[in-house]
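Residues per chain, in single letters:
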Amino acid sequence: MGKLSQILFLTASAGRVFASCAYGTHLMPRAEEGEAIPVATFGYTGITGPHNWAALDSPANNVCATGTTQSPIDMVDSVFDLIDASALSIEVNDMPDGADFENLGSTVEVITQGGTLSFDNKTFELQQFHFHLPSEHLDNGTSQAMEMHMVWQSAEGEIAVIGAYINIATGAVASASIKRGLNTRSRLFQRQAEANETAPVAGTDTPTVLLETIFSVVDQISTPGTKVKTPPLVMSEVVDLLKAGQFQAYSGSLTTPPCSEGVNWRVSTSKLSISPSSFIKARDVIGFNSRFPQNTPGQPNILMISALGAAAAAVSAVGAGAA
């Protein structure tokens, strides 16, 4: 089979994309109890990577290559509106019995158990949060170690995503109390609650307790399609950090197929932190799962520009050969 035939075969056999960042919303309903966890049929490199997402499921994914408000983007001053946290209302339920933590092949996600986000007279319900490595959005041209996406949906089916950068904590602050607490779920929940009473302000170099807790079990879902129950999760630490900062707001898209536009993005100026050891555990399971930055919202799709450039180069090459 020739190279072109292999590409056509892989494209045709990919079928409808599953397990995108919209998993759990109306765009991609969650599997019923007892059903297998869907595993993504798209990837981040090669034939299944972002350059070919539109071809993996056409016309469903066409907007990946034609949309003009695609995400992620480089978060520079001219592309977003800076809003105070007071303009949003964020509430997320704690999960004292832990939460389902799934490997979708494209990312790892935590299925949440209640939470609301309100702004502009709209209310959204929290569906899940998941992780990208490295960050998908750029922080004024700089990539961060990871990015957490909290996915929300309104009763009308509108999607909102809160993005939070995650840096690697390099300070001398040890997470010994966190590690000791991981030995017992009830003790962990108590320790997290106590830690949240003196939670660090945004920008400190202390590992975020919630992330340390979640990634303590990430090695147990190293195989796509598997899940595990996390230790108890106290969400107030992260919610308080988000409320302590500001949000960079813009209208973009899902960062995975089908790349649907009209997504309300709120990228936090508060940054979370993860210990080096937890980052390595997460990296070894997640791998690389970031879409390349897109054009500034309103500009032509970067893939369309690339295709036109390639076509012009091909015509030029043919003309040069004929001469």
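Scope of this entry: the structure provided in the associated data block. (Residues numbered from 1 in each chain as written. Predicted model: local features only at pLDDT ≥ 70, side-chain atom pairs only at ≥ 80, totals over all residues. Heavy atoms only, no water.)

## Re the overall build of the protein chain
No. 1: Per the secondary structure count, the protein chain includes 9 helices and 14 strands.
No. 2: For the protein chain, the proportion of its 323 residues judged to be buried stands at 48%.
No. 3: Long-range pairs, those at least 24 residues apart, make up 68% of the contacts in the protein chain between residues at least 6 apart in sequence.
No. 4: With the model as given, the accessible surface of the protein chain reaches about 14200 Å², and the carbon-plus-sulfur share is 55%. (Helix = DSSP H or I, 4+ residues; strand = E, 2+ residues; numbered from the N terminus. Buried < 20%, exposed > 50% of the residue type's maximum accessible area, 1.4 Å probe, protein only. Contact = heavy atoms within 4.5 Å. Areas by Shrake-Rupley, 256 points an atom, 1.4 Å probe, with all protein chains shown as cover.)

## Points about the environment of Thr69
No. 1: Along the polypeptide, Thr69 turns up in the loop between helix 3 (63–66) and strand 1 (74–75).
No. 2: Setting aside chain neighbours within four positions, we find Thr69 in contact with Ser251, Gly252, Ser253, Glu261, Pro297 and Gly298.

## What about the packing of aromatic side chains?
Aromatic rings considered in pairs are described by the distance between their centres and by the relative angle of their planes.
No. 1: One pass over the full model with this rule turns up 9 aromatic pairs.
No. 2: Among the aromatic residues, those joined into a cluster by ring pairs are Phe42, Tyr44, Trp53 and Phe288.
No. 3: Positioned above the aromatic ring of Tyr23 is the side chain of Arg30, whose terminal nitrogen or guanidinium carbon lies 4.5 Å from the ring centre. (Phe/Tyr/Trp six-rings, centres within 6.5 Å; stacked < 30°, edge-to-face > 60°. Lys NZ or Arg CZ within 6 Å of the ring centre and 35° of its normal.)

## Details of unusual backbone geometry
No. 1: Pro59 follows Ser58 through a cis peptide bond whose omega is 10°.
No. 2: Structurally, Pro59 can be placed in the loop between helix 2 (53–56) and helix 3.
No. 3: Omega for the peptide link from Leu133 to Pro134 comes to -5°, which places this bond in the cis form.
No. 4: Note that Pro134 resides in the loop between strand 7 (122–132) and strand 8 (138–139).

## Some details on the state of the cysteines
No. 1: Enumeration according to the criterion identifies 1 disulfide in this entry.
No. 2: With its sulfur 2.0 Å from that of its partner, Cys64 forms a disulfide with Cys259. With the S-S dihedral at roughly 90°, the linkage between Cys64 and Cys259 falls on the right-handed side. With Cys64 in helix 3 and Cys259 in the loop between strand 12 (246–253) and strand 13 (261–268), this pair connects stretches of sequence that are 195 residues apart. (Disulfide = S-S within 2.5 Å.)

## Digging into the pattern of salt bridges
No. 1: Under the criterion given, the structure shown has 10 salt bridges.
No. 2: Residues Glu109 and Arg30 are paired through a salt bridge, measuring 2.7 Å at the closest nitrogen-oxygen approach. Residue Glu109 is found in strand 5 (residues 108–111), and its partner Arg30 is found in the loop between helix 1 (3–13) and helix 2; the two are separated by 79 residues along the sequence.
No. 3: Arg30 sits in the partly exposed class, given a relative accessible area of 24%.
No. 4: Among the ionic pairs, Arg283 bridges to Asp284, the shortest N-O distance being 3.0 Å.
No. 5: For Asp284, a relative accessible area of 55% gives the class exposed.
No. 6: If you follow the salt bridges from partner to partner, you end up with Arg30, Glu102 and Glu109 in one network. (Salt bridge = Lys/Arg side-chain N within 4 Å of Asp/Glu carboxyl O.)

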